[in-house]
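Inside the fold
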Amino acid sequence: MASIIALYAIPFLTGLLAGLSKKTQWCEKLQAVGALLTLLTAGHIAVTVWTGQPVTAANDVFYIDALGAFNLFLIALVGFIASIYSVGYMRHELAEQIIGPRQLRFYYAFFHFFILTMLMVSTVNSLGLLWVGIELTTLVSALLVAFYGQSNALEAAWKYLIMGSVGIAFALLGIIFIYLSGMQTLGQQSPALNWTELTQVAAVLNAEWVKLGFIFILVGFGTKAGLAPMHFWLPDAHSQAPSPISAVLSGVLLNTALYGVFRVYAIANVTLAGQASHYLVIFGLLSMAITVPFIMVQHDLKRMLAYSSVEHMGIITLGVGIGGPLGLYGAFLHMFNHSMAKSLLFFTAGSICQHYRSKQMHRISGILKVMPATGAIFLLAAVAITGAPPFNIFLSEITIMMAGFQSGRPWLTVAFVALIVLIFAGMMFYVVKMVFGEAPARVEKMTLDGWSAAALIIPLALVVVCGWVIPPILDSTLYQVSGVLQGAGR
Amino acid sequence: MDSLVAAGLLVSTLLLFKIKKMSDAVGIIAFQSALLALAAAIMGIKTGLTHLLLAAGLTVAVKTLMIPAILYYTIRKTDARQAVERTSSPHVSLLLATLLLVAGYYVAAHLELPGTEHGQSYLTTSIMLIFLGTFTMIEHKKAIMQAIGLIVIENGLFLVTQSVSYGMPLVVELGIFFDLLVSAAVIAVLSFRIHSTFDSLNTDKMQNLKG
């Protein structure tokens, strides 16, 4: 219980103090320390769960199993890396007078509140509170998307707020249906929204309502996760937000929304005897397919990365939909790998866009000559994200591919591989043009600053290492996470 | 009594497609929420469930007082003219809204949801409210009006939970109220910024991001 209180209190206090502190120097160091403490607390909880039993506290209000701990740890890790990267990034914005000290304080305060809302989603037991948490992530992050305040940022934030809220309203309707079926089985006065209760009786719930509820929730939370065809807010929000926020949005916010889908899926797939998985396969494959034309004709660097996120959310959803021990293992490995590779990519892309003063890809060239370190890491991350060996994404995509063949769906798997190859070609075409060649004369040579280098090192190491070997702690964690979705926890 | 409240809810929502000033829409929201509170209070007295009375009290505090106050303040400070802008003419939009009512009736009849003893009569109304709220968001162009559509949807969802299960567990209910309040604040902040940047609350001006 103490560690859960700490997990809520640390980001809250960090945000509050960062928002109130008068000195910029103070503010940025304080928030970095706060993010580190959040990571340590989350790590402590995660290890407790992975090496022992799920944690429950406060009369079953909080429940953290292997899946929750996995998401929790990923949020804190990406949050920590992004908070370090923010220091260098925001100093640049401050020096260029794009923002003032007041906005800086606002940024750090809401950054940590945003992390807090996502942590909340992964620690609660009740599906109703999970909904409350996901809605809060939208509200807080909409203000961060609008951070720069120009017309495009406001348009993106408004679209995000409205689409997110409507989507999530549908998810609430779905949760009401699940609640109804739970109450019918468990009785009126029972905690019929608690995941732990529902999963016990999943096999005997009213199939009709669970099916209806699951579809509403898949569409509702799927809007938040950027699944096609509800993904329209995503490229706008990701491209208009400050780059560290784009990394958090893409790296963990989308995962958190998928987490909501998978929690309900774990119940629905049992009730519907495997029928629910078809929906995940369809939405997954559609999300992958829809990104192909948008990546091929893209002009904006950050929009291209955003579409790539739609693709990868599709891959994760597809992996879970294919299912089986191998499919689930691959899907969650992919979730981890994508978070690392995509944050690396958004960080480097952020520095590149700042330095070239443009997000337009045709205005960016010769990155390697102007920013050698950043350019090299950007290239590496782009190769990794498109699924080329010997990097981490390659391994998880191969795992999902094998699971696809194993489950006896060869055509689906062939389509999956073909889409990955197409997207690889599309993205590499632009990346190669930007990384190599001559730099425009207006752009000066620049070296990597200390804070950014410190932030890049962690995801870089994981992208490279996980391409060769999956660390034992991650391996055993992924088995446990897959177990939650297979009903091993029952 | 129940059917009177239900009729009041529907008529007030239909007026959203007839009004000319945005501040009237805020009044409609406040009135609608007061009726919701009344419905919950009646159910609470009939069943003796105290959490329904609590929900009614919260509805009055949050949805009839605080949120309309925030929205009204935002409208007063941003848009002097206050005129609503719709995609189609008032008559057409009222006609479409009426058609949606019929559709809502049809859907509610076919859902076969198990209503509670004292809540059953609101089920159809609640589905209609969700439909009309969605239509408000599509039909109106001003940012604030889209927010009002969102609140109508939320009100509809609130009524669904009341009619099928006498509401959600209390913790969840509190969380949802908190979310609503925060979203009204966020909507206000963004509306101020949209108005100062675009010099209008018309969302048609925000069509720059594509592809």
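Look above for the structure.
Read on for a plain summary of the structure. Just so you know, these numbers come straight off a predicted model, no measurement behind them.

Description of the overall build of chain B
- For chain B, the helix and strand inventory stands at 7 helices and 0 strands.
- Over its C-alpha atoms chain B spans a radius of gyration of 17 Å, differing by no more than 12% from the 17 Å that the globule rule assigns to 211 residues.
- Taken over the C-alpha atoms alone, chain B extends approximately 50 × 35 × 35 Å along its principal axes.
- Counting all 211 residues of chain B, 57% fall into the buried class.
- The long-range fraction of contacts in chain B, counting pairs at least 24 apart against all pairs at least 6 apart in sequence, stands at 78%.
- Separation of charge centres in chain B, based on 14 positive and 12 negative side chains, amounts to 12 Å.

Some thoughts on the interface of chain B and chain A
- Contact residues are listed per partner, giving 43 residues for chain B and 43 residues for chain A.
- Across the chain B/chain A interface, buried area totals approximately 3,600 Å², and carbon plus sulfur atoms make up 78% of it.
- Contact with chain A buries surface across chain B, with Asp179, Leu190 and Leu209 of chain B losing the most and accounting together for 18% of the total.
- Counting the contacts that link chain B with chain A gives 0 salt bridges.
- Where chain B touches chain A, the interface holds 5 residue pairs in polar contact (both at pLDDT 80 or more).

A short note on unusual backbone geometry
- For the peptide bond that leads from Ala228 of chain A to Pro229 of chain A, omega is 0°, which places it in the cis range.
- Following the sequence through the fold, Pro229 of chain A ends up in the loop between helix H8 (207–225) and helix H9 (233–240).
- Of note, the bond from Pro389 of chain A into Pro390 of chain A is cis; its omega dihedral lies within 30 degrees of zero at 5°.
- Examined against the element boundaries, Pro390 of chain A turns out to sit in the loop between helix H15 (372–385) and helix H16 (392–406).
- For Ala273 of chain A, which is not a glycine, the phi torsion comes out positive at approximately 50°.
- With respect to the helices and strands, the residue Ala273 of chain A is situated in the loop between helix H10 (243–271) and helix H11 (276–296).
- On the basis of relative accessible area, Ala273 of chain A is assigned to the exposed category, the value being 65%.
- The backbone of Asp199 of chain B sits at a positive phi, close to 65°, despite the residue not being glycine.
- Mapping Asp199 of chain B onto the fold places it in the segment after helix H7 (170–198).
- The class of Asp199 of chain B is exposed, set by a relative accessible area of 63%.

Cut-offs and rules
Residues numbered from 1 in each chain as written. Chains lettered and ligands numbered in written order. Predicted model: local features only at pLDDT ≥ 70, side-chain atom pairs only at ≥ 80, totals over all residues. Heavy atoms only, no water. Helix = DSSP H or I, 4+ residues; strand = E, 2+ residues; numbered from the N terminus. Rg over C-alpha atoms; globule rule 2.2 N^0.38 Å. Buried < 20%, exposed > 50% of the residue type's maximum accessible area, 1.4 Å probe, protein only. Contact = heavy atoms within 4.5 Å. Lys, Arg positive; Asp, Glu negative; His and termini not counted. Charge placed at Lys NZ, Arg CZ, Asp CG, Glu CD. Buried area = accessible area lost by both parts, 1.4 Å probe. Salt bridge = Lys/Arg side-chain N within 4 Å of Asp/Glu carboxyl O. Polar contact = N/O pair within 3.5 Å; in protein donor to acceptor, adjacent residues only side chain to side chain.

What is shown is where atoms sit, not what they do.
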